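Architecture at a glance
One letter stands for each residue in the lines below.
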Amino acid sequence: MASKTRKPSAVEKKLIGVADVVISAAQKRRDPTLAIPVRSLSNVSFNERKGHLEMGRRKQARSFFNVGMAKKFMQTVLVADALCELQRANLTTSLREIYYRTKHTIKNSHENTLDTQDESDPLIEDLEVTLEALREELHVRAENAGSIVGPLVLVDDGDQVDCARLGKGGYSVPSIVEPEYLQIRRCTADFVLLVEKGTQWNRLSEDKFWRRYNCILLTGNGQPPRGVRRLARRLHEEKGLPVYVLVDNDPWGYYIYSVVKQGSINLAFESQRMAIPKAKFIGLSSADPEAYGLPRNVGIKLNDKDIARARELLNYSWFQKKPWQEEIKRMLSIGLKYELDALANKDFQYLTKRYLPRKLKEKDWLD
Amino acid sequence: MRPPGQTLNSSKTDPPAPPAKPTVSAVEMGARQREISVSEFFTKNRHLLGFDNPRKALLTCVKEAVDNALDACEEAGILPDVVVRLETVGNGEPAPPASQASRFRITVADNGPGIVRQQIPPIFAKLLYGSKFHRLRMSRGQQGIGISAAGMYGQLTTGKPVQIISRTSGRTPAHYFEVQIDTKKNEPLILEKKQIEWEHARGTQVTLEVEGRYQKGRASVDEYIEQTVIANPHVRLTYHAPDGETKELARTYTELPPSPKEIKPHPYGIELGMLLKMLQDTRSHSVSGFLSGDFSRVSPRLADEMCKAAGLSPRARPRDVHGETAEALYKAIQATKIMAPPTNCLSPIGEKAILSGLYQQIKGEFYTAVSRPPAVYRGNPFVIEAGLAYGKAPEPEGALPEKKAVPLAEGEQESGDHELARVIRYANRVPLLYQQAACSSYKAVLDTTWRNYGVTQSRGAAPAGPMVIFVHMASVWVPFTSESKEAIADYDEIRKEITLALRECGRRLGAFIRRRERAHSEHRRRNIFELYIEEVVESCNRLKGGTLPVAKLKEQLHRMASLRTGGAKTDEALGKNGSGPEGLPHSIIVTVDGVEGEVPEPVEAEAVEGNSTNGASAGDDKPARGKRGKRTRGKGAAPRRAGKPVRKRAAGKRRTR
């Protein structure tokens, strides 16, 4: 399969290591076991000095001769095999294609190797952390789920993309934005505005907000995908642009902000290259409805899940700063959440014409 | 109501019309009042007897005739041989197909003792005439309404009389009758009577023509027949369905249930009015003699004690006891501790017979049956029996082409059916097909926590799974909720007994399921590794660029797999090299060992057969036995009959799995 002339890449070697685990264990008559770092809150710590999340050292053993894990172990080896195949052919693919590639019926049975994609996705993340290889290095990409517009010129596959001349739609952020694939040719913006929802991004783009305030508009349509986060980080790092985050005023909005700022719990191992510890939370704050005169009837009552989530956030070590505790507690005491869309209650262009200008002017943001 | 300001008096004296002569005088009203005969009453209220709709009516007619036939045979000590024939009647035109027909001729013939000539007309054409109402003895029929009501229904819907042929022995001639019921007087009308030639030496045959509807499925005649055979494995039943199909349901249990004895009423079971009536009717000359003579479980000493407690002389004449003294006596009786009524008036089916019936009629993997010791409600003794058939019989090897292993797509699942358990209910061996939800036995099934026994059950529902639950109540007087005998009334004592019986069944089922599951999981453990080793090795080989000594790695892993799962020991437990679930025994029957002495002795089938029935029946039975032997796979048939050996066999199978 592999050509003898090509030297295996570092990632490929790591993937082959999975097979070596099985072979050497079998020789020593030991149970083949992979040590996989635990990806949960209990194994994540907040590095205050660096300002991002770090993964702890706890690992979980996944062994083959264990009824509960045998299938997962088998699937992990199978996924490693598929990923190695990508390396050798130098192709990139999606999570879903990996799932289809590895799915087949086990010989002499009715059983499928995988039943749903939900089974293969976490395995890829497992391999990422175990092998300390990034998803991009594994040649797995996510959907292009973000848009960017602003005074910025990028080079993608040799094509120049001027993000100031892409109309309302902007440029669709690819999932892999490492310098090898995407270069920042020129950037004259003053800051980056990362918006949670596509609706508000469209509003701002349509109103040419970026031209007036000389900024880059970025959205991830909800929880921003890796590409968007990584690109924001690069703009922040390479061009020294401050990043402002505009999200709904609810626990999930707060968490999106914290993911941009400190990294996510699930992918804590990547936060050192994704997190933007200096990102600012520009809105919607729980103080805004009062400050901007949003009527109570455009709020939504917090449901039990919202409240439980907010309480969880209060306990996260990276939300311990006093203003943040106040912010979350204020939302809980009001008992309402507000969507960005609610600003349209005052005026369709309220966001562009009043809200953001005033915020920027008053430097009214949280850190 | 009243206009304000008006007093009660003024409204009374201010009627809208002057007090006219009453339109109907008391004399005229009196002239209209007359007796209502039972037959008239039930003509109008036929739903009370189970004739609400044509489908149910057809079933009720068959049921009444079959019940009578079985009762008669058993009382005479004859192993019943019953033929049921349903035919469509065209009424002048050619007979329509069974599913569309609205008229049926029902013929039920038995090999019973026959009926003496004089009794034939009242039995078949007089309501509330019968031998069973006045005695306390277990029988299917109770009131003496059934068959005559069926005849009346036929008469009402088709105008045809009931035809009866009966013969009491080979030496006497057979009598043929056509009778109708005079509904006004509740008396039989004889339309035709003659002596005829009949091919049978003994027995009764009744033919009814009724309006009905034949439809298979739940609460159908077919279901009734099937369930009757389960609870009466000593019956040989031939059923000619109206669509031309004939079912031969062989006798699988050759012992006639012990004939129940007639008992006297138990003092706890009577009311004051009943006591007064009995005091008047008795032949005894003293109260003491009356108490000890006319009731069960009252010894002369106990009778004296009761009299003393009631402040009554034991020598007092029963006819002189009225009013307060009678009431005092009644109270004294109720306050005295009396032994429970004798239970020889009952004839429970018995665990072995239930097992045999369930095994024969229902395919499953596990059967069990429980007979409770007798209990008493309102002075009536009763016995509860419960049984259970669980699982699906594995398909015989080679019968079906091996199912192709089709890979499942996402979201697809193996089609596992989630049917609910079927509850089959009986009272005195008669299947109850309607009003399941109102029945005490069904309620007891719902109340039992089947989850404790490894069966899934949603709240307020019957347990789920391939399971048939059998509940039987045998009593001298089964408390039905209505005359049509569809549901057992919910007495606490009855409910408790049913629940206890079901729990015992459940416990045994739970043990069976657990044992089976343990074997399965060991097997699965091994299988998982064996399945996955292949995949893992292939993947590793590809990762290594195809340079791996595949066979060696596989072997190493296999060796570890068998080491990890208990090696040879597991191999043995799994029935050699894990040949799969086919290695499981087809059925396991557990009976409680050492059941009370009432259980009939295991008898050789052929021997009893020959003695008790006429020659034809014994001969006919042979092929049936052969058939059964095939189903039991090997030596299954023999140990099935005994309590202890079955246990052992089950245990043996378990070990080899």
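Everything numeric here is computed off the predicted structure, so don't read it as measured data.

With that settled, consider the overall build of chain A. In terms of helices and strands, chain A carries 13 helices and 17 strands. The 367 residues of chain A split such that 41% are buried. Of all intrachain contacts in chain A linking residues separated by at least 6 positions in sequence, the fraction that spans at least 24 positions is 71%.

Moving on: the overall build of chain B. Looking only at helices and strands, one finds 19 helices and 15 strands in chain B. Expressed as a percentage of its 657 residues, the buried residues of chain B come to 42%. Taking the intrachain contacts of chain B between residues at least 6 apart in sequence as the baseline, contacts between residues at least 24 apart amount to 73%.

Further remarks concern the sheet that holds strand β13 (residues 215-219) of chain A. Residue and element names in this part refer to chain A. The strand order across the open sheet formed by six strands is β10-β7-β13-β12-β14-β15, and the pairing between neighbours is mixed. In this open sheet, the two strands that pair with only one neighbour each are β10 (171-173) and β15 (280-283). Direction aside, neighbouring strands of the sheet carry axes that sit 30° apart on average. By the bridge criterion, three bridges tie strand β7 (residues 146-149) to β10 in an arrangement that is antiparallel. Bridge pairing in β10 links G146 to V173.

Before going further, it helps to spend a moment on the pairing of strand β9 (residues 159-162) of chain A. Residues and elements named next belong to chain A. The pairing of strand β8 (residues 152-156) with β9 spans four bridges and is antiparallel. Of the residues in β9, the one forming a bridge with D156 is D159. Connecting the antiparallel pair β8 and β9 is a turn made up of two residues, with D157 showing a positive phi of about 55°.

The subject of this paragraph is the interface of chain B and chain A. Between chain B and chain A, the contact holds 25 residues from the first and 32 residues from the second. If you list the elements that add at least two residues to the side of chain B that touches chain A, you get α14 (492-543) and α15 (550-564) of chain B. At 12 residues, the largest contribution of residues to the side of chain B that touches chain A is made by α14(B). Taken together, the residues that form the side of chain B that touches chain A break down as 14 nonpolar, four polar and seven charged.

Residue and element names in this part refer to chain B. Ranked by size, the top nonpolar core spans 119 residues in total, and within it C61, V62, A65 and F470 carry the most contacts. Considering every element that reaches this core, the biggest residue donor is helix α4 (residues 54-75), with 11 residues. Those residues within four positions of V62 in sequence are excluded, and the remaining contacts are V84, I106, V221 and Y224.

With that settled, consider the pairing of strand β9 (residues 366-371) of chain B. Residues and elements named next belong to chain B. Burial analysis of β9 places six of its six residues in the buried class, the great majority of the element. Neither face of β9 is left uncovered, since the one carrying F366, T368 and V370 and the one carrying Y367, A369 and S371 both have all their residues buried. Judged from the six bridges that link them, β9 and strand β11 (residues 380-390) form a sheet pairing that is antiparallel. Of the residues in β11, the one forming a bridge with F366 is Y390.

All names here are of chain A. Pairing is antiparallel across the open sheet formed by three strands, whose spatial order is β9-β8-β11. The sheet terminates laterally at β9 and β11 (182-187), the two strands that pair on one side only. Between one strand and the next, the sheet's axes are offset by a mean angle of 25°, whatever the strand orientation. By the bridge criterion, five bridges tie β8 to β11 in an arrangement that is antiparallel. Note that in β11 the partner of L154 across the bridge is I184.

Our next topic: the packing of helix α11 (residues 304-315) of chain A against helix α12 (residues 322-334) of chain A. Each pair of packed helices can be described by the angle between their axes along with the distance between the axes. All names here are of chain A. Contact geometry for α11 and α12: axes closest at 10 Å, N-to-C directions at 165°. Judged by the angle between their axes, α11 and α12 are roughly antiparallel. Classified by chirality, the crossing of α12 by α11 is left-handed. Contacts between α11 and α12 involve I307, A310, L313 and L314 on the former and, on the latter, Q325, I328, M331 and L332. Looking at the contact of α11 with α12 residue by residue, the class counts come to seven nonpolar, one polar and no charged.

Let us now look at the packing of α4(B) against helix α6 (residues 146-158) of chain B. All names here are of chain B. Interhelical geometry of α4 versus α6 gives an angle of 140° and a closest axis separation of 9 Å. In the packing of α4 onto α6, the handedness of the crossing is left-handed. Between α4 and α6, the contacting residues are A57, T60, C61, E64, A65, D67 and N68 on the first element and G146, I147, A150 and Y153 on the second. Of the residues that constitute the contact of α4 with α6, the class distribution is six nonpolar, three polar and two charged.

The next thing to look at is the environment of B:K277. Residue and element names in this part refer to chain B. Along the chain, K277 turns up in helix α8 (residues 272-281). K277 sits in the exposed class, given 12 other C-beta atoms within 10 Å. With 42 residues separating them along the chain, K277 and R319 place their C-alpha atoms 9.6 Å apart.

Glancing now at helix α5 (residues 198-206) of chain A. Residues and elements named next belong to chain A. Turning to α5, its buried residues number three or more, namely Q200, W201, R203, L204 and S205. Buried residues along α5 sit against β7, β12 (191-195), α6 (209-213), β13, β14 (243-246) and α13 (350-362). Looking one or two places after α5, you find K208, whose phi comes out positive at around 55°.

Residue and element names in this part refer to chain A. The step from G283 to L284 runs through a cis peptide bond, and the omega angle for that step is -10°. Turning to its location among the elements, L284 is positioned in the loop between β15 and α10 (288-291). Within the chain, K363 stands out as a residue other than glycine whose phi angle is a positive 50°. Relative to the elements of secondary structure, K363 occurs in the segment after α13.

What follows covers the confidence of the model for chain B. All names here are of chain B. Considering every residue of chain B, the mean pLDDT works out to 77; 77% of them sit at 70 or more. Element-level mean pLDDT values for chain B span from 35 in helix α17 (residues 605-612) up to 94 in strand β2 (residues 103-110). Note on residues 395-402: pLDDT is under 50 here. Beyond four places in sequence and across chains, it has one contact. Throughout residues 570-657 the model reports pLDDT below 50, and contacts reaching past four residues in sequence, or to other chains, amount to 108 contacts.

Cut-offs applied
Residues numbered from 1 in each chain as written. Chains lettered and ligands numbered in written order. Predicted model: local features only at pLDDT ≥ 70, side-chain atom pairs only at ≥ 80, totals over all residues. Helix = DSSP H or I, 4+ residues; strand = E, 2+ residues; numbered from the N terminus. Buried ≥ 20, exposed ≤ 12 C-beta atoms within 10 Å, placed from the backbone. Contact = placed C-beta atoms within 7 Å. Pairing = 2+ DSSP bridges. Axes fitted to C-alpha atoms, helices over the stretch in contact; angles between N-to-C directions. Nonpolar A, V, L, I, M, F, W, Y, C, P; charged D, E, K, R; others polar. Core = buried A, V, L, I, M, F, W, Y, C linked by C-beta atoms within 7 Å. Parallel < 35°, antiparallel > 145°, perpendicular 65-115°, else oblique. Left-handed = near helix turned anticlockwise from the far one by under 90°. pLDDT = per-residue confidence, 0-100.

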